[in-house]
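# Coordinate analysis (summary)
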Amino acid sequence: MALPNTYSKKWIGYDIRYWITLVLLIILAVAVVGFKKRFLFSCPVHTIPAEGIYTQNPLIKQSFLVNEPIVFQVPDIPYKTAAWFVDGQLKAKEGKLTHAFPAAGKYVVKLLLDGQCTYTKIVNILPYKHQTVDIKTGNPGALPDVVIEGNETFEAGMITYFTTPVIANAYEWQIVEMPEYGIKNEPLVGYSIISPGTYTLQLKLNNDDQKVFTKIIKVTAPVVIASADEEGDMEVPRPIELPPPVATGTNGTSGASETSGSGASEVKKPKTVLPDSEILALLRLIREEKKTVGDLAASLCYGEKTKILANDNEVMTLAELTEKLQSKSWALGKRPKVNSVRTMREESDENCISVIYVNYK
């Protein structure tokens, strides 16, 4: 006696096998669409525009001041939802974010569009407060006790910034003893003086000879400290290469680059200075577990807590990056491969790396 064939039954005029095939095809189609959206979707490449209350000097690379209101805008691309994060904390859910940072340092501003496209910006906050006294009007009131803000002593070759708590129509900064540095016309200026000595920094406001202020600054010789290695021998100090004087143009802009103000509480000086190529090689060995994260952290000022910006949208520490590199993908069973590395170093100490940009896949 023949067994009944369950699959030969019909439903709404069609063989049950037809319906099973149709359901499987629908499930497969949904899976393919989900896979493409999750893994193959490409977000448009854009940067986050940011604007403070000052005219930004492009050579300072978007540095801002403590308590300065900064407006971050969504890039000029279509979107439905937006979420803003500052160092991982949600700050706003709208097209722009206005935020003031209460302390100097480097901060990570992240924008999430439509829940899937992430854009990241590293914001550098200099250790000076924004202007508080406006003398543009005819009756400005009393000027502050300290008109020129900035360090009085700094090492030769290091870029040091100066500003003023006064809002004026015009600014004229100059180093009296060094006319070759020219006149700078921004409310925030940077100088890199290569010759130790005592100098006079002068600021004139509103082209008024009655509003000329000075600050005595002392430039000291660079200090190189030799450190003992693990076997008690002394390392030979690396020669310090002093940069040339800051180039000035007709507009008085300075050759300053982005200044560090890292918020890390403790900084240990590295024994060696690793170029980007060696950091890339070490990360690849760490991925293969032929080296440990400690081997790389020993040469970094912030050790395993060094800030990592991966694939332009992932913010993590070196320790967290190590976990990712040593973990295998659930889909392919392979570890991520490090493709490229570049670093951002501290202005005050070129031996200290503040951020490592990593591209891995």
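Anything mentioned here points back to the structure above.
Heads up: these notes are all about the structure in this document.

Criteria and cut-off values
- Residues numbered from 1 in each chain as written.
- Predicted model: local features only at pLDDT ≥ 70, side-chain atom pairs only at ≥ 80, totals over all residues.
- Heavy atoms only, no water.
- Salt bridge = Lys/Arg side-chain N within 4 Å of Asp/Glu carboxyl O.
- Helix = DSSP H or I, 4+ residues; strand = E, 2+ residues; numbered from the N terminus.
- Buried < 20%, exposed > 50% of the residue type's maximum accessible area, 1.4 Å probe, protein only.
- Polar contact = N/O pair within 3.5 Å; in protein donor to acceptor, adjacent residues only side chain to side chain.
- Pairing = 2+ DSSP bridges.

### What to know about the pattern of salt bridges
Under the definition given, this model contains 5 salt bridges. Between D209 and K204 there is a salt bridge, and its shortest N-O distance comes to 2.8 Å. A salt bridge links E289 to R335, with the shortest nitrogen-to-oxygen separation between them at 2.6 Å. Here R335 lies in the loop between α4 (318-326) and β21 (338-345) and E289 lies in the loop between α2 (276-287) and α3 (293-297), a separation of 46 residues in the sequence.

### Focus on unusual backbone geometry
The bulk of non-glycine residues show a negative phi, and the bulk of peptide bonds are trans. Of note, D114 is a non-glycine position whose phi angle comes to about 55 degrees, a positive value. Note that D114 resides in the loop between β9 (105-113) and β10 (117-129). On the basis of relative accessible area, D114 is assigned to the partly exposed category, the value being 34%. The phi angle at E289 is positive, at roughly 60 degrees, despite the residue not being glycine.

### Quick look at the environment of Y171
By the secondary structure assignment, Y171 is in strand β15 (residues 171-175). Looking at Y171, the relative accessible area reads 9%, which means it is buried. Between the C-alpha atom of Y171 and that of L188, which follows or precedes it by 17 residues, the distance is 9.5 Å. Side-chain polar atoms of Y171 contact the backbone nitrogen of A168, separated by 2.9 Å.

### Details of the pairing of strand β7 (residues 89-92)
Sheet analysis places strand β6 (residues 82-86) next to β7, joined by 3 bridges and oriented antiparallel. If you follow F85 over to β7, its bridge partner there is L90. Taking the residues that link successive antiparallel strands as the turn, the β6-β7 hairpin has 2 residues, and the phi of D87 there is positive, at about 50 degrees.

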